[in-house]
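Architecture and fold: a report
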Amino acid sequence: MVIKVGDTVKSGDVIAEIETDKATMEVEAVDEGVVEALLVAEGAEGVAVNAPIARLSGGGTASTPQSPVSGPATIAPQMGEPENGIAPLSPGGGGPAPANAVMKGASQGADAELPAGTEMIKTTVRDALRDAMAEEMRRDADVFLMGEEVAQYQGAYKVSRDLLAEFGERRVIDTPITEHGFAGLGVGAAMAGLKPIVEFMTFNFAMQAIDHIINSAAKTLYMSGGQIRSSIVFRGPNGAASRVGAQHSQDYAAWYASVPGLKVVAPYDAADAKGLLKSAIRDPNPVVFLEHEMVYGTEFDVPDVADWLVPIGKAKVRRVGLHVTLVAYSRMVGFALQAADALAVEGIETEVVDLRTLRPLDHDTVVRSVMKTNRLVTIEEGWGPMGVGAEIAARVVDQAFDYLDAPPVRVCQEDVPLPYAANLEVLSLPSVAKIVAAAKAVCYR
Amino acid sequence: MARQSASKPKAVAISPAHPDKAALLDFCRSMLLIRRFEERAGQLYGMGLIGGFCHLYIGQEAIAVGMQAAKGDGDQVITGYREHGHMLAAGMDPKGVMAELTGRAAGVSRGKGGSMHMFSTAAGFYGGHGIVGAQVSLGTGLALANRYRDDGKVAFVYFGDGAANQGQVYESFNMAELWSLPVVYVIENNQYAMGTSVERSSSETHLHKRGISFNIPGAEVDGMDVVAVREAGKMAAEHARSGKGPFILEMKTYRYRGHSMSDPGKYRTREEIDAVRKTRDPIEHLQERLETLDFADEAQIKAIDAEVKAIVADAAEFARTTPEPNPAELYTDVYLETVP
Ligand SMILES: Cc1ncc(C[n+]2csc(CCOP(=O)(O)OP(=O)(O)O)c2C)c(N)n1
Ligand SMILES: [Mg+2]
C-alpha cells in the first residue's frame, strides 16, 4: 500500500503495488477522494481478484461519491494454461521468476547411466540451466555469456540469475537490442577460439540473427576445409508462451534441425536441460539450444553428481509401452506423458520417446520403438508441413515400413500464425486431448 | 525547444507556440483518454481479462497526441508494441482497441492480434509490431510508396531508444536520405529499454544525432510538453513533405509503469519515477497551461476527465462482454482468396 487512511488521492495516483504470479504492477485510483479505510493490510497475500482494497469517500466526481477501488491481486488461471500452470513472464516484458511459480514435474524413465543410489536434488529447469552455465564457466575461462538483459536484470526469465555476481561484467555481458550484431560478434569470438553462450531473449528474436547462425556459424567449418571452428551455443526460450500472439510464439525446431553444421537440442526436464547444456557448451560445434518458457518454473529431479553430462544425439524412452509410440521433444514430452496416463486408463499402453536432440536425430531409438508398437504419433508445437514429425515419419516409413499397422499421425500446431484470442489459441496448439485422440486413431479405437 | 543536430544545416525555425484554445482543450482530452484507458487496461490485465504482454503508454501521452497536429490526411503511422495510445490519438474507437486487448471478435484485429498487434487501414495505422526495430524499415517502406506515387503523404515512424540500436534502423536511414523519402522518425526516448538505460546500451546517447552520418537532420524535443511536440512535429513533417527527405525527432520522455506487466522495475528507484511524475507530467503540465491562459478552470478540466472516464468504462464493459471470435476464424486471413 502506498496510501494510508486520511490521504487525499486523485485519479491516476498510485495507491498500491501488487505482485501476482504473472505481473508486478501499480494500481491507480480510478476516482478521487479521501482514503476512508484500507481493506487489505500491507503485505497481504492471497488477495482475491476484484476484492476491494480501499474505500474512498467524498469523491469529487458527482457520479460516484463512494467508490470501492478494486485491486487486481491474483490472476485468474488462463485458458490453455500449461501443465505446470506457469504464467508467461515477458520478453515483450522481461519478467521475473516469480518465487511461487515452482511446480512439480514428473519425468519418468531414469537414465540407465546413473549409478544406483545417486541422490536427486529438486531443481527447476530455470535453475538447472543456470547451474550448467555456472559450472562450465568455472571449468573453462573461455566460456562467457552475452545477450539482452542477461547481467544486471538477471535474465528476462531469470535464467542467468546470480551469474553476474559470480563472474563479473567481463564474462556476463549485457548487449544492446541488436541480435544480428551480437550473434555475429559471438560467432567471430568463437572463430577466435572463445566459447560464447549467446542468449536470445526468445528464439523469435533470433530470426534477426539467423543469417549468422546458419551462414556464419554452421557453414564455415566446411567452407574453410576444416580450419575455422565455432564452438558456440545459441540458447533461449522457443515455442509458444501464453497469449503473446503470432510474432512471439513460434517453434523453430524444424528450421534449425534442417541445417547441416548445426546441432540442435531441445530438452524437456531439468536433468536433461543441465546435462545437455553442459555438453552443448563443451561441444566444438555450433549448438542451437531450444528451451521452453512454460517449463522454466517446473521442478524435476537432477542427479547430484559432480559433472552431470547428458550426451547430445541420444533420445530417451521415458515410458515403456506396447501399443503405440509417442515421439515428442521439449514441452510436448510433458503433454505426451500426460496423454499416456490417460490412455493407460483406457487400456492403451503407450511408449513415450523424448527426442532431446533433433540434430543429430536418434532415429534408431524411434525405429526400434515403432518396430515394437507398430504405431506412431509425433508431437510438435510447430507447424506440421515440412516439420519434425514429417521427418520422423519419413524415416520410420523408410526403415520400418513393414512394421506399421497404421499410417503415422502428426499432432502439431494448426497451419496458421498463432492467434491471440484465448479460445482460438487453445484450438491452435497441441493439447493432451489431441494427443490422446491421435493415439486412439492409430490404434483404431 | 528543439535543438538541431545535423551536420548538414537545414534552417528550420520553430515558431513560439501560440495555440488556440480549442486545440489545447482537445489535447487535454486526448491525453486524459489515453491515460485513463491505459490505467483501465492495467486493471483488466490484473483481473486476467488481458493476457500475454501488455505495454502501457502512461507518461508518454504528449507524443502521440502532439504529433497528431502534424499529420495530414492520408499520412501513415507505424510503431511497435506500445501502441494503444497512438491508436486512441488517431481517433480510433476505444471499444475496438479494448476488445482487442481482451481478445474478442469486435477487436480491431478481430481478436487475432492482441495488445502488440493492432492495425487500422481506415486510420492509416500500420501497427502494432512485436519485433523491436521492424517498424523502422516498414515505415520507411511506407514512405517509399509515398515517394513512388508522389502523393504528398508523409510516414510517421515511432520507435524506442532501445530499438534505435537495431541495425535495420541505419540501413533504413541511409536509404531514406539517399532517396529523399518523406518520413519523420520519432524516437520515443523514455530512457529505458526494459531494464537497460540508454547510457548502458548506447555509445551516442543523444539519439537525435544518430542521423548525422547519413546527413539526416535531427532535433531533441521535450516529449512531456505537448505543444513542443506539436511544433517540432509540424516542422519535421513540413521538411519531409516538401521533398527534403527524412527528419529525426528525439522525444525525451519517461515511462511511468514497468516495461510490460511483469517488470519488477529494480533498475530504477521509486524516487526517480516520482520525481518525473511530480515535475514533468505531461498532462498536469498542460492543465496548468490551460489554467494560466484562462482557457479552462479546474472544474472544466474535471468535467473532461469525467467524460473520458465514462468512455473508458464503457469500452471496458464492452470488451468484457462482447463475444470471443468464432472458432472458424482460426483459419481465416492466412491468405487472400481472390486476385483483384
Ligand atoms: C528483435 C527483438 N528483440 C528483443 C525483443 C524483446 N523486447 C521487447 S521490447 C524490448 C525493449 C525495447 O525498448 P525500447 O525500444 O526503448 O522501447 P520501449 O519499450 O521503451 O517503448 C525488448 C528487448 C523484441 N521484441 N524484439
Ligand atoms: Mg525505451
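Residues numbered from 1 in each chain as written. Chains lettered and ligands numbered in written order. Predicted model: local features only at pLDDT ≥ 70, side-chain atom pairs only at ≥ 80, totals over all residues. Heavy atoms only, no water.

**Overview of the coordination of the magnesium ion (ligand 2)**
By definition of the ideal shapes, four donors in a tetrahedron about a metal sit 109.5 degrees apart, and six donors in an octahedron sit 90 or 180 degrees apart. All names here are of chain B. Those donors, Asp161 (OD), Asn190 (OD1) and Tyr192 (O), are the protein atoms that reach the magnesium ion (ligand 2), and they lie 2.1 to 2.2 Å from it. Read in sequence order, the donor residues coordinating the magnesium ion (ligand 2) give the pattern D-x28-N-x1-Y. Of the two residues, aspartate 161 sits in the loop between strand S4 (155-160) and helix H6 (167-178) while tyrosine 192 sits in strand S6 (residues 192-193), which places them 31 residues apart along the sequence. On the accessibility criterion, aspartate 161 (2% relative accessible area) is buried. (Donors = N, O, S within 2.8 Å, 3.2 Å for Na, K, Ca; no water. Helix = DSSP H or I, 4+ residues; strand = E, 2+ residues; numbered from the N terminus. Buried < 20%, exposed > 50% of the residue type's maximum accessible area, 1.4 Å probe, protein only.)

**Some thoughts on the pairing of strand S14 (residues 287-291) of chain A**
Residue and element names in this part refer to chain A. With five of its five residues buried, S14 lies for the most part within the structure. The alternating pattern of S14 places Val287, Phe289 and Glu291 and Val288 and Leu290 on opposite faces, both of which are buried. The pairing of strand S12 (residues 233-237) with S14 spans five bridges and is parallel. From the neighbouring strand, glycine 236 faces S14, where its bridge partner is leucine 290. Handedness of the crossover joining strand S13 (residues 263-265) and S14 through helix H7 (residues 270-282): right-handed. (Pairing = 2+ DSSP bridges. Right-handed = clockwise from strand over helix to strand, strands pointing away.)

**What about the interface of chain B and chain A?**
Taken together, the contact pairs 62 residues of chain B with 64 residues of chain A. Carbon and sulfur atoms supply 54% of the area that chain B and chain A bury against each other, a total of about 5000 Å² over both sides. Area buried by chain B at its contact with chain A is led by B:Phe53, B:Met194 and B:Leu330, which between them contribute 13% of it. Where chain B meets chain A, there are one salt bridge. Of the charged contacts, one joins A:Asp174 and B:Arg200 as a salt bridge, the two residues approaching to 3.0 Å between their closest N and O atoms. Linking chain B to chain A there are 13 residue pairs in polar contact (both at pLDDT 80 or more). Mapped by element, the contributors of at least two residues to the side of chain B that touches chain A are helix H1 (21-46), helix H4 (94-101), helix H7 (198-201), helix H9 (270-280) and helix H11 (298-321) of chain B. Element by element, the count of residues in the side of chain B that touches chain A is highest for H1(B), at six residues. (Contact = heavy atoms within 4.5 Å. Buried area = accessible area lost by both parts, 1.4 Å probe. Salt bridge = Lys/Arg side-chain N within 4 Å of Asp/Glu carboxyl O. Polar contact = N/O pair within 3.5 Å; in protein donor to acceptor, adjacent residues only side chain to side chain.)

**A closer look at the site of ligand 1**
Every one of the 24 residues lining ligand 1 counts as a neighbour, but A:Glu179, B:Tyr81, B:Arg82, B:Gly130 and B:Ala163 are closest to it. Ligand 1 sits at a junction of chains, with neighbouring residues supplied by chains A and B. At 2.7 Å from an oxygen atom of ligand 1 is found a side-chain nitrogen or oxygen belonging to B:Tyr81. Between an oxygen atom of ligand 1 and a main-chain N or O atom of B:Gly162, the distance comes to 2.8 Å. Relative to its unbound accessible area of 580 Å², ligand 1 is 97% covered by the protein chains. Partitioning the shell around ligand 1 into residue classes produces 11 nonpolar, nine polar and four charged. (Near = heavy atom within 4 Å. Areas by Shrake-Rupley, 256 points an atom, 1.4 Å probe, with all protein chains shown as cover. Nonpolar A, V, L, I, M, F, W, Y, C, P; charged D, E, K, R; others polar.)

**Description of helix H3 (residues 179-191) of chain A**
Residues and elements named next belong to chain A. With 13 residues, H3 should reach 18 Å at 1.5 Å per residue; the first-to-last C-alpha distance of 18 Å fits that figure. Of all the positions in H3, only Glu179, Phe182, Ala183, Gly184, Gly186, Val187, Ala189 and Ala190 are classed as buried. On its buried face, H3 sits against strand S9 (143-147), strand S11 (195-199), helix H4 (210-218) and S12. Following H3 by one or two positions, glycine 193 has its phi on the positive side, about 105°. (Expected span 1.5 Å × (residues − 1).)

**Some details on the domain arrangement of chain A**
Residues and elements named next belong to chain A. Domain annotation of chain A identifies domain 1 (8-63), domain 2 (120-303) and domain 3 (316-442). Just the C-alpha atoms count here: the centres of domain 2 and domain 3 sit 26 Å apart. Together, the buried faces of domain 2 and domain 3 total about 2300 Å²; carbon and sulfur atoms form 54% of this surface. For the domain 2 face of the interface with domain 3, the top three residues by lost area are Arg243, Asp251 and Tyr268, together amounting to 29%. With a shortest N-O distance of 2.8 Å, aspartate 272 and arginine 318 are connected by a salt bridge. At the boundary of domain 2 and domain 3, one finds 16 residue pairs in polar contact (both at pLDDT 80 or more). Contributions of two or more residues to the side of domain 2 that touches domain 3 are made by helix H6 (253-257), S13 and H7. Broken down by element, the side of domain 2 that touches domain 3 gets its largest block of residues, four residues, from H6. (Domains from an automatic or database assignment.)

**Here we look at the nonpolar core**
Judged by nonpolar contacts, the single largest core of 147 residues is most densely connected at A:Leu326, B:Met67 and B:Leu249. Ranked by residues supplied to this core, first place goes to H1(B) with 11 residues. In terms of domain composition, this core takes at least three residues from each of domain 2 (120-303) and domain 3 (316-442) of chain A. When neighbours within four sequence positions are excluded, B:Met67 is seen to be in contact with B:Ala62, B:Phe156, B:Tyr158, B:Val184, B:Val186, B:Val229, B:Gly233, B:Leu249 and B:Met251. In this structure, A:Val198, A:Phe203, A:Val259 and A:Ile392 belong to the second largest nonpolar core, which totals 45 residues. (Core = buried A, V, L, I, M, F, W, Y, C linked by side-chain atoms within 4.5 Å.)

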